[in-house]
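# Analysis of the macromolecular model
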Amino acid sequence: MKLGIVGLPNVGKSTLFNAITNAGAQSANFPFCTIDPNVGVVAVPDKRLDALCEMYTEGDKVPPIVPAVIEFVDIAGLVKGASKGEGLGNKFLGNIRECDAIVHVVRCFENDDIIHVEGSIDPLRDIETIDLELIFSDMEMVERRIARVAKDLKGDKSLQKELDFLKRLQALLEGGQPARALECDEDEVGMMSTMALLTSKPIIYAANLSEDDFAGGEPTNNPHYQKVAELAASQGAGVLPICAQMEADIVDMDAEEKMLFLAELGLEHSGLDRLIQKSYHLLGLISFLTAGEKEVRAWTICRGWKAPKAAGRIHTDFERGFIRAQVIAFDDLMACGSLANARGKGLVRTEGKEYVMQDGDVVEFLFNV
């Protein structure tokens, strides 16, 4: 999964990226300090892997843990006119197209020492600035697609449905609405997926707060955050209250120090953990697990995938030659203490090609090619 972190200059975007990836992206108090996208690969926290590792450890033989990962891309700051090439616009927009979802960092804190490119704090205005640039870019792409399909329609009348869909999409964008707001049937979803539209991507608004406003994790007293939360609810988008500076402060703490610090603020999880949870939920992702003496590993798939397709995440041969899957729920396995005990109690199930994978399934795939 690749998440693009975007936002206007000086909203805390690169500070947040530095904190959650510890990748050392440059952060400074002036626009465009991030010229090329910085990339950080982050392990997805999953305590189930540690438990499975302990179960399969024999003496000094400890199986390696391979967690699922998320790739974060810190994309250069955007200004008005980006869709026309202003600032670093064209580069910015191209980098977003490669991402699965967008984390839009919105400034909800007051600080006279940190310059805002628009001169004041107004998160809804900032969101609109970026949204409009993404919409303008998508409009150009849709217009080009309409022209091409209309031309090809003369020799292929089956393209009429696509043309009708594109015109509906064009009208939506011209009305200032993102492509993800368009109601689509299954065929139209397929058409949309071929276009890499910026505004069709799922979005999480990361409301960047001061530490005082953020304490406890529910910034009910911050009117800027409340506006962002209301907007996200109206769009079906995600919203995440976060304090980028606090995340930067705890990045070098050891696990125990970090836990104590978060507990003092009334929090159970770091901003990274909460962002990953929100991203998985927004994108409809789950993890299944494989475990043994050689390796303990998490695999990310889409909710609703059937066993053969999930097997293909490990290797294409597993999907092509799928026979069956041996499956046990993680909690059941832990309760039994070992796979042998679970088998003895009849908790290891044999599932076929129609089995829909569940989060936390511990699986062994059987295949033949």
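See above for the structure.
Summary of the structure given here. (Residues numbered from 1 in each chain as written. Predicted model: local features only at pLDDT ≥ 70, side-chain atom pairs only at ≥ 80, totals over all residues. Heavy atoms only, no water.)

### Topic: the pairing of strand 9 (residues 296-302)
Among the seven residues of strand 9, five are classified as buried, and the element is accordingly described as predominantly covered. Here strand 3 (residues 65-66) pairs with strand 9 via two bridges, running parallel. Bridged to Ile-65 within strand 9 is Val-296. Connecting strand 8 (residues 285-291) to the antiparallel partner strand 9 that follows it, the hairpin turn spans four residues. (Buried < 20%, exposed > 50% of the residue type's maximum accessible area, 1.4 Å probe, protein only. Helix = DSSP H or I, 4+ residues; strand = E, 2+ residues; numbered from the N terminus. Pairing = 2+ DSSP bridges.)

### Some details on the nonpolar core
In terms of nonpolar packing, the biggest core is built from 68 residues, with Phe-72 and Tyr-205 touching the most fellow members. Ignoring anything within four residues of it in the chain, the contact list for Tyr-205 reads His-104, Val-106, Ile-127, Asp-131, Val-228, Leu-231, Ala-232, Gln-235, Ala-237, Gly-238, Val-239 and Leu-240. In this structure, Met-141, Leu-163, Phe-165 and Met-192 belong to the second largest nonpolar core, which totals 20 residues. (Core = buried A, V, L, I, M, F, W, Y, C linked by side-chain atoms within 4.5 Å. Contact = heavy atoms within 4.5 Å.)

### Here's the deal with the packing of helix 4 (residues 123-153) against helix 5 (residues 160-174)
Close contact between helix 4 and helix 5 brings their axes to 9 Å; oriented N to C, the two are set at 155 degrees. By the angle between their axes, helix 4 is roughly antiparallel relative to helix 5. The element helix 4 and its partner helix 5 pack so that their crossing is left-handed. Facing Ile-135, Asp-138, Met-139, Val-142, Glu-143, Arg-145, Ile-146, Val-149, Ala-150 and Leu-153 of helix 4, the residues of helix 5 in contact are Gln-160, Glu-162, Leu-163, Leu-166, Lys-167, Leu-169, Gln-170, Leu-173 and Glu-174. Taken together, the residues of the contact of helix 4 with helix 5 break down into eleven nonpolar, two polar and six charged. (Axes fitted to C-alpha atoms, helices over the stretch in contact; angles between N-to-C directions. Parallel < 35°, antiparallel > 145°, perpendicular 65-115°, else oblique. Left-handed = near helix turned anticlockwise from the far one by under 90°. Nonpolar A, V, L, I, M, F, W, Y, C, P; charged D, E, K, R; others polar.)

### A few points about helix 2 (residues 47-55)
All of the buried residues along helix 2 are Arg-48, Leu-49, Leu-52 and Cys-53. End-on, the buried residues of helix 2 take up no more than an arc of 140 degrees, which puts them together on one face. Opposite its buried face, helix 2 presents the exposed residues Lys-47 and Glu-54, each directed more than 90 degrees away. On the buried face of helix 2, the contacting elements are strand 3, strand 8, strand 9, helix 14 (330-336) and strand 12 (361-367). (Arc of directions from axis to C-beta.)

### Quick notes on the packing of aromatic side chains
Under the criterion given, the structure shown has four aromatic pairs. On the numbers, 5.8 Å between centres and 90 degrees between planes, the contact of Phe-288 with Phe-365 is edge-to-face. Taken as a pair, Phe-288 in strand 8 and Phe-365 in strand 12 lie far apart in primary sequence, 77 residues in all. The exposure classification of Phe-288 matches that of Phe-365, with both residues buried. The structure contains a cluster of three or more aromatic residues connected by ring pairs, namely Phe-288, Trp-299, Phe-322 and Phe-365. Positioned above the aromatic ring of Trp-299, the side-chain terminus of Arg-297 is 4.2 Å from the ring centre. (Phe/Tyr/Trp six-rings, centres within 6.5 Å; stacked < 30°, edge-to-face > 60°. Lys NZ or Arg CZ within 6 Å of the ring centre and 35° of its normal.)

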